[in-house]
Each structure stands twice: as structure tokens, then as C-alpha cells.
Amino acid sequence: MGKFEVTQGQWESVMGSNPSWDSACGPTCPVERVSWNDTQEFLMRVNALGDGYEYRLPTEAEWEYAARAWTTSDRHGALDDIAWHIGNSGDRIHPVGLKAANRFGLHDMIGNVYEWVGDWYGTYPGGTVTDPLGPASGSQRVARGGSKHHSARANRASHRYRDSADKRFSDAGFRVVRVSAIPPLGGVLQLGEPRRFLIPPSQAGKLLNGERSFVLDVPTDAASLTLTLTSDDPAVDVDLYVRYQADPHRTQYDWRAAGTSGNEEIEIRHDSRPPLQAGRYYVSLLLYRSSGAAASGTLTASVTRSAAATAGIEFVGIPAGSFTMGSHSAEAYSDERPLTRVLISRAFELGKYEVTQEQWQAIMGSNPSWDSACGPTCPVENVSWSGTQGFLARLNEQGDGYTYRLPTEAEWEYAARAGMTGDRYGPLDEIAWHIGNSGDRIQRVGLKASNPFGLHDMIGNVYELVQDRYGVYPGGTVTDPAGPASGSERVIRGGSKHNDRRANRAPGRNRVSADERYSNVGLRVLRIRNSGPGSLLGGRLEFGVPKAFSIPTNEFGRLQNGARSFFVQVPSGASRLTVVLASDDPGIDVDLFVRYQADNSFLTSDWASQSLSGNERLVIGLDRPLQAGKYYISLMLFDVSGVPASGTITATLSW
């Protein structure tokens, strides 16, 4: 984003003239008396330079995010220190950059001139949204930030103004955003994790291949691969092209999407021509036609697995997202409140069905089920929470690049609802075996209708054990909640063949002790792809955003360093870096190690946590000054009781 508002000198160098009412202010004063439409002509000329960037106005959300710069108040400092407003400007514009910058280093985000943004004016959507673009149409465009002509009330980060796109004012200018346009794509496409793409209009008709292809590695146990392109504007035609193990610069493709809209899908199976093979695939996009706007959206890859690797357990990809956990319906129990807004930050895979008796026996060597006569494709039951940990430990011993565990209670309900807001995803008899239709016997998995994610028997047949201890919901908005840190009971979800309709609901909860077994309690398995070869961690930590980790029992005593380290990039001006590790089971000891600007495979650490539980905290900047730069954060599992160590790690800054 531009450090300053676009100046009169910059406008004149691109457009050849200066439209400003106060041109006498000089070339370093913000350009004004430009309409929203005028800014589009300026941006079109800058984009014609073809310097590898796409230039545009910020969205309204991007503007406010940049203006706030990690602050929660309406201004990033005292008004007179940061802004030219009616009380100190003499109702005249002033050269840019004379007032104090915000924490991102941006000047005059508040005051001097209003700044046009890209959005049509409309009501905020509410809830949780990602990269909002504003309404699809409207009669007025938004301007933000207040101006030299207005009082304190208008000169705030959250203040909004609007007018028609052709209006010009002596206190309205703009600021420019740029994003990488060449390549607008490229890099690794992780299975199950939607990836944003952006194709500028200047790339229409050009195949985005070579370094601008996405790279996808398909595992050996994949039975089918599905690639799904979802466009923000389906009327803009973007097509998918896929090739296997070819030079990334080649233009001959093995598969291409046949659709004519921007929403495309390709499925590649073992019986395709050519067939699906394990190995590397290159995924390229082509923008056929554009209405003058950039084409954007998400690209997602998912696979179904062959039976060999996990005793025949089939998995369904569940995208990241958000939902409201709990219920206020007439059937709800009191422990389904308070309603809690939950963000699931990471995609995962969940068993399409409850674990069956034959799958349990293939892994554990015996069948504990009370109703073993039901047959091999009936759900395993009569298993305790503690017993499931042994089953999961054996799955994790395969070292197949995944971590297997029970879903958290939040992950389970999110997957069960599958975007639905009601307590069930269909009529009870069509989706569930319950006391009214089961004869109080378990039934073969998959006979009832699936939910919109493709999961069967989420409601009914057998209760499903989840990872969490039983406790009260936190309320408010939380990210990836893992339940209470302690407690004597574990949660079971989904109802069963033995229960009435009230228990057979997506938000319904029950609980058992970790050692209890019942003939109507089984399990469903979740798995998450590890972040690199042999890795269970790794990657960048965004400040304030918890990131999940999992360390299997066979990693006991090994420092998760090198490519398995997390890292944070600390900006200048920060005084303290706080790293918090929250373990799903604080009785398991996982310690934190942090080092500054060292080779990421170097073992010596500058700081280490001193506590003896799995919940660790390091504050860097107390014993010696915090420096700007990169910090590597490693974990080590010291004590293990036969289950993987899992939880979240969060980094925050103080100024």
C-alpha cells in the first residue's frame, strides 16, 4: 500500500495535468478533486507499465485493516499528532507525511483528504468473512479516513463516506494498493486447503504456466484427485489445465476443465484416460474473457484414499470455516449454551463413516464390539476413549505423512452441520438410526443419507468419542477451541441407535469417563497432513493467529527444528514477543525453544521455557531487548503417556 496519499506531482507525471483545486499547495500535496472514475483511469495507465504488479484501490476492508495497524481504537494516536483536520489545517490540504505514521508506517490514513476505495457502498455483512469486496453493485462508492475539512468525528479509522463515482471534491483523493501480478499464482497447493488466485485483465488469453503454475504432490494411496476452482465472479471464464510430471513450461495438458463458467472442476481417477498416478502435478489457469476486472477466487485439491494405508478408512476433505456452536432450539439441553462463534482455521479430513469393526480389527487384532454379529461393516462399539488412543497411535506409527486423532468437539459439530444452521441436516429417519427405527441394534455404516460434506451417520447409530474433556462452552468468538484443560469426563457426540430424537442432533452432547465402554459408543477418525516431509510443524506464524501442532509419540525427545520450526518476522519498534503454547493435554510436557536469526537447522536456542507442563509461555524482551528480524520457534516432546502431543501455538507482539 502507498506510504502516502497519491500526490499532485505523481498524478501529473502519469496523467499530464493536475486537477487539484489547491494546486498551489505544491507537488508533494495530495491530489484532490478526482472522482472514483478518474482514479480508474490513473490506475489503468499505471498497470499498462507492466512492471509485474497489479495496481488498484484498496478494498474498504483492506483500507481499515491498514489504517488500524493492529490497534483496536478508532485512531492510532492523538488526533493532532496524526491528522490534518478542521481544527488544525486552516481548511487547507498539506504536504503528505508531516503527521506521525501508524504502526505499519503509513502516513495520513486519517485526515488531509478522504481516500476513495474500491467498494460500492453497502451494509457490512456481519459474522466472519474473508477478503470481502463489498456489494456486487450500487449507486455510490466509498471514501475513507476523513479530511482537512472535517471534525474529529469524521477523522477516524472506522468512519465511512460515500458518493457517486463521478463526483469530485477538494478534499477527496486516493491511495494505491499493489499486489504481485506476474506471477499472480504459483507455489505449492496443499490438499484440502483452498488457495487464493488473482489474474489481472492484462493476462487474459495467457496460460499461467511455468513458475505461475500451482504444484501439487499426489500421494501413493490416492484413488482419485479432484481439483475445484471457485471464482468470485462465475461470469468471468477461468479454465483449469492439469498435467502430470511434465516440464512446468509445457503447454500440452493431460486434462482440462470442460465447463464454460468460472467455476470449474476436474476429477482424475485410476480409470481416467490417462489414469491417476502418484507424483507431481502442475495446475495452470487460463482467463478467457474479462469484464475489465481481475479474475479471482480459490483453487482446492482433494483426494480420496485407497483402502490399504488405513485399513480401508475413507476420508472426506473438510474446508476451514466458521459456525455457531450450540443451540437454542426447543430440543436443546442447557449444556448447549452459551452459543459460541467458532472459527476452524485449518482444513482437515474426517472419516466418511464411523470406524467399522473390520477396520478396528485390522489395526488392533481383535473386535471388542458387543454386537459383533452385526458384521464387519457395522461400527465398532464398546470402546473407551483411552482405548481409541491406542488405535490412533498405531495409525500414526505408519509415518504416512498424516497425523491421526479424534476430532475436537468443535471440529466434530462443524463437520456434522456442514454449513447447516438447524439441529439436523435432514429428516431424522432419512439420516439416522435412532430408537424409533433401529430396533435398538447398530446398523451397517453408510445406509442413511449423508450430510452436505458427504459424511454418513454423523447423527445416530453410535455416539462418537471426541478429543475434548467435558466442560462449559466459552461463549463469544474463539478459534480452534480444544475444550477444558482438565476434567474427569470426555465428550461423546451425535446420539445413537439407543436414543430418542432429542439426543440425535448435531449440537447434542453427552459424556463418559475415559475408561468407560458402552454398546452405543464408537469413534470417527480425523487426520491432518503434516506440513513437510517427516514434519509435523513448520511454517510462518501470523501474529495473533493460533496455529495447530501435533507431535506423535515416536518423536519423543526430538527437537522439532529445521524445516519443522515455526518462524515469526518481528518488525522494528516492537518491545516484546510473547509465544504461548496451549496443549490439548497439559499433563504431557512439550517445551518451547526460540532462537534469533540462526540457521533454521541450528540446534542451539537463545530462550527455552522453564515450566514442567505442556502449557508453556515465553516472553522475549524482558531479559534483553527484542530485535527486529526472524525468530525460529521449536518444540520438544519430553514426557509422553502413549498419545500424540497436540495443541496450538500463538505469537503476539507488544509495542
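Computed from a predicted structure; not experimentally measured.

**Q** What should I look at first to understand the sheet that holds strand β27 (residues 526-529) in this one?
**A** Across a sheet, paired strands are connected by hydrogen bonds in the backbone, their directions being either parallel or antiparallel. Spatially, the 4 strands line up as an open sheet ordered β17-β20-β27-β21, and their pairing is antiparallel. Looking at strand neighbours, the two that pair on one side only are β17 (315-318) and β21 (402-405), the edges of this open sheet. Taken pair by pair, the neighbouring strands of this sheet meet at an average axis angle of 30°, ignoring direction. Pairing between β17 and strand β20 (residues 348-351): 4 bridges, direction antiparallel. Across the sheet, residue F315 finds its bridge partner in β20, namely G351.

**Q** Please clarify how the nonpolar core should be interpreted in this entry.
**A** Side chains of nonpolar character tend, in soluble globular proteins, to be buried together. Core analysis: the biggest nonpolar cluster contains 52 residues, and L225, L227, L240, F391, L523 and V525 have the highest contact counts within it. Residues contacting L240, with those up to four places away along its chain left out, are L227, L229, W255, R256, A257, E264, E265, I266, V283, S284, L285 and L299.

**Q** Before we go on, may I ask you to explain the sheet that holds strand β37 (residues 645-654) in this structure?
**A** Read from one edge of the open sheet, 4 strands run β29-β37-β32-β35, paired in antiparallel fashion. In the strand order of this sheet, the two ends are held by β29 (547-551) and β35 (616-620), each with one partner. On average, each strand axis in the sheet is inclined to that of its neighbour by 20°, with strand direction left out of account. As paired elements, β29 and β37 share 5 bridges and run antiparallel to each other. In the sheet register, I551 faces β37, and the bridge partner there is A645.

**Q** What should I look at first to understand the pattern of salt bridges in this one?
**A** Once their charged atoms are close, side chains differing in charge can pair, the charge on each being opposite to the other. Within the structure shown, the criterion is met by 30 salt bridges. R405 serves as the salt-bridge partner of E411, at 2.9 Å between the closest nitrogen and oxygen. We note that E411, like R405, is buried. One salt-bridge network, held together by shared partners, links E60, E64, R68, D74, R144, R156 and R160.

**Q** How should the pairing of strand β2 (residues 114-120) be read in this particular structure?
**A** In summary, the side chains of a regular strand alternate between the two faces of the sheet. In terms of residue burial, β2 counts as a mostly covered element, since 5 of its 7 residues are buried. Sheet analysis places β2 next to strand β5 (residues 172-174), joined by 3 bridges and oriented parallel. Across the sheet, Y114 pairs through a bridge with A172, a residue of β5. Two elements, β2 and strand β3 (residues 141-144), share 3 bridges in a ladder whose sense is antiparallel. When the sheet's bridge partners are listed, W116 is paired in β3 with A143.

**Q** Help me understand the pairing of β35 in this model?
**A** The alternating pattern of β35 places E616, L618 and I620 on a buried face and R617 and V619 on a face that is not buried. Across 5 bridges, strand β32 (residues 576-583) lies against β35 in antiparallel orientation. Bridge pairing in β35 places L581 opposite E616.

**Q** When you look at the environment of V594 in this model, what are you seeing that I'm missing?
**A** With respect to the helices and strands, V594 occurs in strand β33 (residues 590-596). Through-space distance from the C-alpha of V594 to that of R417 is 39 Å; in sequence the pair is 177 residues apart.

**Q** Even after reading the chapter, I still don't get the environment of R502, so can you show me in this structure?
**A** For R502, the position within the fold is in the loop between β24 (489-493) and β25 (509-513). For R502, a relative accessible area of 31% puts it in the partly exposed group. On a C-alpha basis, the gap between R502 and G138 in space is 46 Å, while along the polypeptide they are 364 residues apart. In contact with R502, not counting residues within four places along its chain, are E331, A332, Y333 and R424.

**Q** What exactly am I supposed to notice about the environment of D585 here?
**A** Looking at the secondary structure, you find D585 in the loop between β32 and β33. Separated by 216 residues in the primary sequence, D585 and S369 have C-alpha atoms spaced 28 Å apart. In contact with D585, not counting residues within four places along its chain, are R469 and S646.

**Q** Is there a simple way to explain helix α7 (residues 409-417) in this structure?
**A** A turn of α-helix holds 3.6 residues, and therefore any two residues three or four places apart point the same way. Most of α7 sits out of view: 9 of its 9 residues are buried. Inspection of α7 places E409, A410, E411, W412, E413, Y414, A415, A416 and R417 among the buried residues, and these make up the whole buried set.

**Q** What is the right way to read empty space enclosed by the protein from this model?
**A** Using a probe with the size of a water molecule, rolled over the atoms, empty space left in the structure can be pinpointed. Across all of its chains, the model carries 2 cavities of 30 Å³ or more by this definition. Considering only enclosed or pocket space, the largest cavity measures out at about 190 Å³ in volume. Lining of the largest cavity is provided by 21 residues; of these, Q389, Q467, D584, P644 and S646 occupy positions nearest its centre. The set of elements that each furnish at least two residues to the lining of the largest cavity consists of α6 (385-396), β21, β22 (463-469) and β37. Taken together, the residues that form the lining of the largest cavity break down as 9 nonpolar, 6 polar and 6 charged. Estimated volume of the second largest cavity: approximately 60 Å³. Lining of the second largest cavity is provided by L191, G192, A301, S302, V303, V316, G317, I318, F348 and E349. Among the secondary structure elements, those contributing two or more residues to the lining of the second largest cavity are β16 (295-305), β17 and β20. Among the residues forming the lining of the second largest cavity, the class breakdown is 6 nonpolar, 3 polar and 1 charged.

**Q** In this structure, what is going on with the state of the cysteines? I would like to understand it.
**A** What makes a disulfide is a covalent bond joining the sulfur atoms belonging to two cysteines. Scanning the model with the defined rule gives 2 disulfides in all. In this model, C25 is linked to C29 through a disulfide, with the two sulfur atoms separated by 1.8 Å. Between C25 and C29 the disulfide shows an S-S torsion of about -60°. By sign, it is left-handed. Judged by its relative accessible area of 21%, C25 falls in the partly exposed class.

**Q** How should the packing of aromatic side chains be read in this particular structure?
**A** Any aromatic ring pair is given by two values, namely how distant the centres are and how the planes are angled relative to each other. Applying the stated rule across the entire model yields 18 aromatic pairs. Taken together, a centroid distance of 4.8 Å and an interplanar angle of 55° make the contact between Y244 and Y281 tilted. Of the two residues, Y244 sits in strand β12 (residues 238-244) while Y281 sits in strand β15 (residues 279-287), which places them 37 residues apart along the sequence. Here Y281 falls in the buried class, since its relative accessible area comes to 0%. Ring geometry for F323 and Y414: centres 5.6 Å apart, planes at 40°, overall tilted. Taken together, the positions of F323 in strand β18 (residues 321-325) and Y414 in helix α7 put the pair 91 residues apart, joining distant regions of the chain. Since its relative accessible area comes to 6%, F323 is described here as buried. Through pairs of rings, three or more aromatic residues link up here, namely Y65, W70, F104 and F543.

Rules and cut-offs
Residues numbered from 1 in each chain as written. Predicted model: local features only at pLDDT ≥ 70, side-chain atom pairs only at ≥ 80, totals over all residues. Heavy atoms only, no water. Pairing = 2+ DSSP bridges. Helix = DSSP H or I, 4+ residues; strand = E, 2+ residues; numbered from the N terminus. Axes fitted to C-alpha atoms, helices over the stretch in contact; angles between N-to-C directions. Core = buried A, V, L, I, M, F, W, Y, C linked by side-chain atoms within 4.5 Å. Buried < 20%, exposed > 50% of the residue type's maximum accessible area, 1.4 Å probe, protein only. Contact = heavy atoms within 4.5 Å. Salt bridge = Lys/Arg side-chain N within 4 Å of Asp/Glu carboxyl O. 1 Å grid on protein atoms, 1.4 Å probe; cavity = no way out; pocket = protein on both sides within 12 Å on 5 of 7 lines; lining within 4 Å. Points joined across faces, edges and corners; volume = space filled by probe spheres on them. Nonpolar A, V, L, I, M, F, W, Y, C, P; charged D, E, K, R; others polar. Disulfide = S-S within 2.5 Å. Phe/Tyr/Trp six-rings, centres within 6.5 Å; stacked < 30°, edge-to-face > 60°.

No statement about biological role is implied by the geometric values presented.
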